[in-house]
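Here is how the chains run, residue by residue.
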Amino acid sequence: DLAIMILGLAVFLGGHSFVSLRAQRAALIARVVSLRILGFRALFSLVSLIGIGLIVYGFAHYRASGLIDIWSPPRWTRHVTVLLVWPAIFCVMATYVPGHITRVLKHPMLV
């Protein structure tokens, strides 16, 4: 079911987003003194594995029940994609090859 897969994505991404909140992470580690850093990492790994498990189970259940056509893009968007991928390729290449593109855009990969 797609709901299980979305729940798994929320658990997995939520756990990974929590790590970037330094103050809350430090407070959790301090609150659970018995876990210390190794225990926090084990807890983080467990949450991540639960998220991955829900994603895999939800996706397998979705595949077994058949395709649910959520959205079908218009045909003309293929041409827009082809048109936009070329500047993206040049910007990614310019990130690694110094030159005028890098000088003008400062950080071409962010474009």
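An account of the accompanying structure is given in this report. (Residues numbered from 1 in each chain as written. Predicted model: local features only at pLDDT ≥ 70, side-chain atom pairs only at ≥ 80, totals over all residues. Heavy atoms only, no water.)

## Here's the deal with the overall build of the protein chain
Formally: Secondary structure elements are taken from DSSP: a helix is a run of H or I of four residues or more, a strand is a run of E of two residues or more, and numbering for both begins at the N terminus. Each radius of gyration reported is based on C-alpha atoms, and the globular scaling rule is 2.2 Å times the count of residues to the power 0.38. Only protein chains enter the accessibility calculation, which uses a 1.4 Å probe; a residue whose area is less than 20% of its type maximum is buried, one above 50% is exposed, and one in between is partly exposed. Contact between two residues is taken to exist if any of their heavy atoms lie within 4.5 Å; hydrogens are not considered. Here the open area of atoms and residues is found with the Shrake-Rupley method and a 1.4 Å probe, where only the protein chains shown may cover a residue.
A count of helical and extended segments in the protein chain gives five helices and zero strands. The secondary structure elements of the protein chain, listed N-terminal to C-terminal, are α-α-α-α-α. Computed over its C-alpha atoms, the radius of gyration of the protein chain comes to 21 Å, more than 25% above the 13 Å expected for a compact globule of 111 residues. Evaluated residue by residue, the protein chain yields a buried proportion of 14% over its 111 residues. Contacts in the protein chain between residues at least 24 apart in sequence constitute 51% of all its contacts with a sequence separation of at least 6. For the protein chain, the exposed area adds up to about 8900 Å²; of that, 73% sits on carbon and sulfur atoms.

## Some details on the packing of aromatic side chains
Selection criterion: Pairing of aromatic rings covers Phe, Tyr and the six-membered ring of Trp, with a centre-to-centre limit of 6.5 Å; geometry is then stacked below 30 degrees between planes, edge-to-face above 60, and tilted otherwise.
Inspection of every chain in the model, using the stated rule, returns one aromatic pair. Centroid distance Phe59 to Tyr62: 6.3 Å. Interplanar angle 40 degrees. Geometry classified as tilted. Of this pair, Phe59 and Tyr62 both sit in helix H3 (residues 36-65), three residues apart, which is roughly one turn of the helix. We classify Phe59 as partly exposed; its relative accessible area is 39%.

## A look at unusual backbone geometry
Phi is positive for Lys106, which is not a glycine, with a value near 70 degrees. Looking at where Lys106 falls in the secondary structure, it is placed in the segment after helix H5 (100-105).

## Some points on a nonpolar patch on the surface
Rules: Like-charged residues within 9 Å of one another, or nonpolar side chains (Val, Leu, Ile, Met, Phe, Trp, Tyr) within 5 Å, are grouped into patches, provided each residue has over 30% relative accessible area and no salt bridge. By definition, a salt bridge exists where a carboxyl oxygen of Asp or Glu is found within 4 Å of a side-chain nitrogen of Lys or Arg.
On the surface, a cluster of nonpolar side chains totalling about 570 Å² of accessible area is made up of Val82, Val85, Trp86, Ile89, Phe90 and Met93. Mapped onto the elements of the fold, Val82 is located in helix H4 (residues 77-96).

## What about the environment of Phe12?
Within the secondary structure, Phe12 is located in helix H1 (residues 2-19). Expressed as a C-alpha distance, the spacing of Phe12 and His79, which sit 67 residues apart in the sequence, is 34 Å.

## A word on the environment of Arg63
Relative to the elements of secondary structure, Arg63 occurs in helix H3. The sequence separation of Arg63 and Asp1 amounts to 62 residues, and the corresponding C-alpha distance is 8.7 Å.

## As for the side chain of Ser48
Following the sequence through the fold, Ser48 ends up in helix H3. Contact partners of Ser48, with chain neighbours within four places excluded, come to Phe12 and His16.

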